[in-house]
Amino acid sequence: MSIYRRAWTMQLKPHTEARYDAAHAAIWPELTQQMRDDGVSRFHLFRRDLTVFAFQERLQPFPDRTSAASAITRRWWDDMACLMVTDEANRPLQSELQEVFSLTHPAPPEEPTK
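Residues numbered from 1 in each chain as written. Predicted model: local features only at pLDDT ≥ 70, side-chain atom pairs only at ≥ 80, totals over all residues. Heavy atoms only, no water.

### Quick look at the overall build of the chain
Argument step 1. For the chain, the helix and strand inventory stands at three helices and four strands.
Argument step 2. N-terminal to C-terminal, the α/β element order of the chain is β-α-α-β-β-α-β.
Argument step 3. With the C-alpha coordinates of the chain rotated into their principal frame, the extents come out at 55 × 30 × 30 Å.
Argument step 4. Each of the 114 residues in the chain was classed as buried or not, and the buried ones make up 26%.
Argument step 5. Of the contacts made within the chain by residues no fewer than 6 positions apart, 71% connect residues no fewer than 24 positions apart.
Argument step 6. Within the structure as shown, the chain displays about 8400 Å² of accessible surface, and the carbon and sulfur contribution to it stands at 55%. (Helix = DSSP H or I, 4+ residues; strand = E, 2+ residues; numbered from the N terminus. Buried < 20%, exposed > 50% of the residue type's maximum accessible area, 1.4 Å probe, protein only. Contact = heavy atoms within 4.5 Å. Areas by Shrake-Rupley, 256 points an atom, 1.4 Å probe, with all protein chains shown as cover.)

Dropping the structure here:
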């Protein structure tokens, strides 16, 4: 099974850090369900000041960046646009990061059944 990984950074607007963190602490269940349905197996966000680092793993290839976003994603972007640096369609501007190293630890062996 292939795993597809991607990492990128995004920028918050000044003085929006607490609101950004709160929005993600209360992320919409329909948004997380959509991510699962789209094959997202891991999605992590880290923040330092106004810079957000995102890391995502998927079980299927990433969609083309020019493809249309779902209604749920569009709604999220619209709600977050006041907090983030975005394009004219409210899509957060992303700086893609190049993967240069990866260490994958294998799963521990299963216990023998008795």
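### Comments concerning helix α2 (residues 29–37)
Argument step 1. L31, Q34 and M35 are the residues of α2 that are buried. End-on view of α2: buried residues confined to an arc of 100°, all on one side of the axis. The outward face of α2, more than 90 degrees from its buried face, is lined by the exposed residues P29, R36 and D37.
Argument step 2. After α2 finishes, the residue G39 shows a positive phi value of roughly 90°. (Arc of directions from axis to C-beta.)

### Topic: the pattern of salt bridges
A side chain of one charge can pair with a side chain of the opposite charge if their charged atoms are brought near each other.
Argument step 1. Scanning the model with the defined rule gives six salt bridges in all.
Argument step 2. The salt bridge partner of E96 is R6, with a shortest N-O separation of 3.1 Å. Of this pair, E96 sits in strand β4 (residues 95–97) while R6 sits in strand β1 (residues 4–11); the two residues are 90 residues apart in sequence, bridging distant segments of the chain.
Argument step 3. According to the relative accessible area criterion, E96 is partly exposed, its value standing at 45%.
Argument step 4. The shortest N-O distance in the salt bridge between E30 and R75 comes to 3.0 Å. Residue E30 is located in helix α2, and its partner R75 is located in helix α3 (residues 71–80); the two are separated by 45 residues in the primary sequence.
Argument step 5. When its relative accessible area of 34% is taken as the criterion, E30 is described as partly exposed.
Argument step 6. A relative accessible area of 40% places R75 in the partly exposed class. (Salt bridge = Lys/Arg side-chain N within 4 Å of Asp/Glu carboxyl O.)

### Observations concerning the layout of surface pockets
Argument step 1. Within this model, the largest pocket holds a volume of roughly 820 Å³.
Argument step 2. Around the largest pocket, the lining is made up of 32 residues, and of these R6, F43, Q56, T73 and W77 lie nearest the centre.
Argument step 3. The set of elements that each furnish at least two residues to the lining of the largest pocket consists of β1, α1 (17–25), α2, β2 (40–48), β3 (51–58) and α3.
Argument step 4. When grouped by side-chain class, the residues that make up the lining of the largest pocket number 18 nonpolar, eight polar and six charged.
Argument step 5. Of the volumes computed, that of the second largest pocket is approximately 370 Å³.
Argument step 6. Around the second largest pocket, the lining is made up of 14 residues, and of these R5, F55, E57, E99 and S102 lie nearest the centre.
Argument step 7. Class assignment of the residues belonging to the lining of the second largest pocket gives a composition of six nonpolar, three polar and five charged. (1 Å grid on protein atoms, 1.4 Å probe; cavity = no way out; pocket = protein on both sides within 12 Å on 5 of 7 lines; lining within 4 Å. Points joined across faces, edges and corners; volume = space filled by probe spheres on them. Nonpolar A, V, L, I, M, F, W, Y, C, P; charged D, E, K, R; others polar.)

Such coordinate-based values are descriptive only and should not be taken to indicate function.
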